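The residues making up each chain are set out below.
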Amino acid sequence: MELITMYFIFRCDCGRVLYAKEGVATRKCVCGKTIKVKQRRIFKKVETREEASLAVQEMQDEIYGNTDFKRASEL
Ligand SMILES: [Zn+2]
């Protein structure tokens, strides 16, 4: 029987989207802040690392990428 490990998607105070494997207590953001995973609001839970990084990418695009996208589509 295979146990499924979940990956949690959450955000740092700086706005960056991060993911952490279930059971991992803290995650360090590139901004230098160490985040306690349990204290964060979890936006999404996924089952694989690939899905986790994809979810992070999608959220980053929603947050940061929209302006570029709009600018490109307005051309
Ligand atoms: Zn950060």
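Just so we're clear, the structure is a prediction, and the values are computed from it rather than from any experiment.

**Student:** It is not clear to me how the coordination of the zinc ion should be interpreted in this structure. Could you clarify?
**Tutor:** The textbook angles at a metal center are 109.5 degrees for a tetrahedron of four donors and 90 or 180 degrees for an octahedron of six. Taken together, the protein donors to the zinc ion comprise Cys12 (SG), Cys14 (SG), Cys29 (SG) and Cys31 (SG), at separations of 2.3 Å. Metal-centred angles of 105 to 113 degrees between the four donor atoms at the zinc ion mark the site as tetrahedral. Here the donor residues of the zinc ion share one chain and are spaced in sequence as C-x1-C-x14-C-x1-C. Of this pair, Cys12 sits in the loop between strand S1 (7–11) and strand S2 (17–21) while Cys31 is found in the loop between strand S3 (26–28) and strand S4 (34–36), placing the two residues 19 residues apart along the sequence.

**Student:** Hey, could you run me through the nonpolar core in this one?
**Tutor:** It is characteristic of soluble globular proteins that their nonpolar side chains tend to be buried jointly. Ranked by size, the top nonpolar core spans nine residues in total: Tyr7, Ile9, Val17, Tyr19, Val46, Ala52, Ala55, Val56 and Met59. Listed by contribution, the elements that provide at least two residues to this core are S1, S2 and helix H1 (49–74). With four residues, H1 is the largest single contributor of residues to this core. Among residues more than four places away in sequence, those in contact with Val56 are Ile9, Val17, Leu18 and Tyr19.

**Student:** What am I meant to see in the pattern of salt bridges here?
**Tutor:** Opposite charge on two side chains makes pairing possible when the charged atoms of those side chains draw close. Under the criterion given, the structure shown has two salt bridges. Between Lys33 and Asp13 there is a salt bridge; the shortest N-O distance is 3.3 Å. Separated by 20 residues along the polypeptide, Lys33 in the loop between S3 and S4 and Asp13 in the loop between S1 and S2 bring together distant segments of the chain. Assessed through its relative accessible area of 35%, Lys33 is described here as partly exposed.

**Student:** Before we go on, may I ask you to explain the sheet that holds S1 in this structure?
**Tutor:** By definition, the strands of a sheet pair up through backbone hydrogen bonds, in either a parallel or an antiparallel sense. Taken in spatial order, the three strands make up an open sheet running S2-S1-S5, and their pairing is antiparallel. Every other strand in the sheet has two partners, leaving S2 and strand S5 (44–46) as the edge strands with one partner each. For this sheet, the mean angle separating the axes of adjacent strands, direction not counted, is 30 degrees. The pairing of S1 with S2 spans five bridges and is antiparallel.

**Student:** Which parts of the structure should I look at to understand the pairing of S1?
**Tutor:** As a general feature of sheets, a regular strand has side chains that alternate between the two faces. Buried residues dominate S1, accounting for four of its five residues. Counting the residues between successive antiparallel strands, the hairpin from S1 to S2 contains five residues, one of them, Gly15, with a positive phi of roughly 105 degrees. Bridge count between S1 and S5: three bridges; the pairing is antiparallel. In the sheet register, Tyr7 faces S5, and the bridge partner there is Val46.

Procedures and definitions
- Residues numbered from 1 in each chain as written.
- Predicted model: local features only at pLDDT ≥ 70, side-chain atom pairs only at ≥ 80, totals over all residues.
- Heavy atoms only, no water.
- Donors = N, O, S within 2.8 Å, 3.2 Å for Na, K, Ca; no water.
- Tetrahedral: all angles 85-135°; square planar, octahedral: opposite > 155°, others 65-115°.
- Helix = DSSP H or I, 4+ residues; strand = E, 2+ residues; numbered from the N terminus.
- Core = buried A, V, L, I, M, F, W, Y, C linked by side-chain atoms within 4.5 Å.
- Buried < 20%, exposed > 50% of the residue type's maximum accessible area, 1.4 Å probe, protein only.
- Contact = heavy atoms within 4.5 Å.
- Salt bridge = Lys/Arg side-chain N within 4 Å of Asp/Glu carboxyl O.
- Pairing = 2+ DSSP bridges.
- Axes fitted to C-alpha atoms, helices over the stretch in contact; angles between N-to-C directions.

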